[in-house]
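Descriptive analysis of the structure
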Amino acid sequence: MVKLKRLKPYSINNILFQVGVGEVIGIHQTTACKTIWDVCQKITEKADRWIQFPNSIEDMKRAQVLWSKNHKFPQAIGAIDCTHVLIMKPHDHGDEFVNRKGSASFNIQATCDGKEAFTSIDCSWPGSVHDSRIWKNSAIHNIMNENSSGAILLGDEGYGIAPWLMTPYRNPDMPQQMNYNKIHSRERVVIERVFGQVKRRFPILKSKIRIRTDRIPTIILACFILHNVAKYLGEEEFEDDSADLRLHVAPANENRNDTIKMRGDSRRDLISQFLFDRTNVL
């Protein structure tokens, strides 16, 4: 019998689950706990194999072709967004994890490709951090900034416009801009659908994770890797019928008069005209 004395309430729930698992397969709760953790660590060691972001001109071109098979956005290689995974508020630096809705969470940034598989994930940031800050400090930001293939990602207004990251127009007042926003919204939502799939496949990501804070990123990463493995094996999709835990994010500050913003605005205008002309021809 496992002694639950002096344990925190969320630890009790976690241990009771492990007790149940242990009884089914004939092992002690502590063995179940250690085994789960060991397996998650082994899975994350394979992250570079199962979650790969295009990192060369050839890879970018292949990703563009893949996206174009089912979508209209020219030169896109995928979509980017963030989602929150709830946790118990940590005792140390707990306020850093409190998000806009007042709940403790990790803010997870990810990208996906035309096959709805994850191509990158950053699960190291507490819930109080804005999406745009995570993006600017991510490895894929540097890759996109330096790419010479013209590749772009699709993001919402929580990100700043850039030549390699297309966001919607705010207050569109021209037919080209309204058409652009419609197509952008329809294609960018792919990443939200993939978030819903992985959370339905692994319910721990939808409920409040009740383990040590320092172990949570490993658990999250393991779930995302296994989601890609399931995609590769052709397993049945877990379409989510509920809204993803995605907080309303304040628009990124676009009152910038820098070269990147101006280049991004210019490219967005060109793409919007291209999409408008293509729509009218078709």
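Residues numbered from 1 in each chain as written. Predicted model: local features only at pLDDT ≥ 70, side-chain atom pairs only at ≥ 80, totals over all residues. Heavy atoms only, no water.

1. A short note on the sheet that holds strand β3 (residues 118-126)
The pairing of strands in a sheet comes from backbone hydrogen bonds and takes either a parallel or an antiparallel form. The condition that has to hold: One bridge is not enough; two strands pair if DSSP finds at least two bridges between them. Each helix is a run of DSSP H or I of at least 4 residues and each strand a run of E of at least 2, with the numbering of both proceeding from the N terminus. Here a residue-residue contact requires only that any non-hydrogen atoms of the pair lie within 4.5 Å. To define axes, lines are fitted to C-alpha atoms, for helices over the stretch in contact only, and angles between the resulting N-to-C directions are given on a 0 to 180 degree scale.
Taken in spatial order, the five strands make up an open sheet running β3-β2-β1-β4-β5, and their pairing is mixed. Lying at the two open borders of the sheet, with one neighbouring strand each, are β3 and β5 (165-166). Pairing of strand β1 (residues 76-86) with strand β4 (residues 152-154) involves three bridges; the strand directions are parallel. Directly across from Ala79, in β4, lies its bridge partner Leu154. Along the sheet face, helix α4 (residues 57-68) touches β1, β2 (105-112) and β4 and points at about 85 degrees away from the line of β1. With respect to the sheet, helix α7 (residues 175-188) is in contact with β1, β4 and β5, its orientation differing from that of β4 by roughly 85 degrees.

2. A short note on the pairing of β2
Stated formally: The classification of residues rests on relative accessible area computed with a 1.4 Å probe and restricted to protein chains. Under 20% of the type maximum is buried, over 50% is exposed, and intermediate values are partly exposed.
Most of β2 is tucked away: eight of the eight residues are buried. The two faces of β2 match: Ser105, Asn107, Gln109 and Thr111 on one face and Phe106, Ile108, Ala110 and Cys112 on the other face are all buried. The pairing of β1 with β2 spans eight bridges and is classified as antiparallel. Across the sheet, Val85 pairs through a bridge with Phe106, a residue of β2. Relative to β3, β2 is paired through six bridges, and the arrangement is antiparallel. Across the sheet, Ala110 pairs through a bridge with Ile121, a residue of β3. Hairpin connection of β2 to β3: five residues between the antiparallel strands, including Glu116 at a positive phi of 60 degrees.

3. With respect to the side chain of Arg268
Note on placement: Arg268 falls in helix α10 (residues 259-281). A relative accessible area of 7% places Arg268 in the buried class.

4. Remarks on unusual backbone geometry
Phi is positive for Gln75, close to 65 degrees, though the residue is something other than glycine. In this structure, Gln75 sits in the loop between α4 and β1. In this structure, His93 is a non-glycine residue whose phi angle is positive, near 55 degrees. Positionally, His93 belongs in the loop between β1 and β2.

5. Topic: the nonpolar core
For clarity, the threshold we go by: Here, the term nonpolar core denotes a set of buried Ala, Val, Leu, Ile, Met, Phe, Trp, Tyr and Cys residues that are joined through side-chain atoms within 4.5 Å.
One finds Phe73, Leu205, Ile220 and Phe224 to be the most contacted residues of the largest nonpolar core, which totals 46 residues. The dominant element in this core, judged by the number of residues it contributes, is helix α9 (residues 216-233), at nine residues. Among all residues touching Phe73, those that are not within four sequence positions of it are Trp67, Ile152, Leu154, Met166, Tyr180, Ile183, His184, Glu187, Ile271 and Leu275. Core analysis: the second largest hydrophobic core is formed by 18 residues, Phe53, Ile77, Leu153 and Tyr159 among them.

6. A short note on the layout of surface pockets
Where we set the bar: In the cavity and pocket records, a cavity denotes points on a 1 Å grid over the protein atoms alone where a 1.4 Å probe fits but cannot get out, a pocket denotes an open set with protein on both sides within 12 Å along at least 5 of 7 lines, and lining residues are residues with an atom within 4 Å of a point. Grid points are joined across faces, edges and corners, and a volume is the space filled by probe spheres set on the points. Polar here means any residue other than Ala, Val, Leu, Ile, Met, Phe, Trp, Tyr, Cys and Pro, which are nonpolar, and Asp, Glu, Lys and Arg, which are charged; Gly is therefore polar.
Taken as a whole, the second largest pocket spans an internal volume of roughly 510 Å³. Along its surface, the second largest pocket is lined by 18 residues, and Gln52, Asp113, Lys115, Ala117 and Thr119 are the ones closest to its centre. Breaking the lining of the second largest pocket down by element, the ones donating at least two residues are α3 (47-50), α4, β3 and α9. Here the residues of the lining of the second largest pocket sort into nine nonpolar, three polar and six charged.

7. Observations concerning the confidence of the model for the chain
Spelled out, the test is: Scored from 0 to 100, pLDDT reflects the predictor's confidence in each residue.
Looking at the chain as a whole, the pLDDT averages 86, with 82% of positions reaching at least 70. Contacts for the low-pLDDT stretch residues 1-13, under 50 throughout, to residues beyond four places or in other chains number twelve contacts.

8. Digging into the pattern of salt bridges
Stated formally: Counted as salt bridges are all cases of a side-chain nitrogen of Lys or Arg within 4 Å of a carboxyl oxygen of Asp or Glu.
The full count for this structure, using the stated rule, is eleven salt bridges. The salt bridge involving Asp59 is made with Arg62; its shortest N-O contact spans 2.4 Å. With Asp59 and Arg62 both in helix α4 and three residues apart, the pair spans about one turn of that helix. Among the residues examined, Asp59 registers a relative accessible area of 27% and is labelled partly exposed. A single network of salt bridges, built from pairs that share partners, joins Asp81, Arg188 and Glu192.

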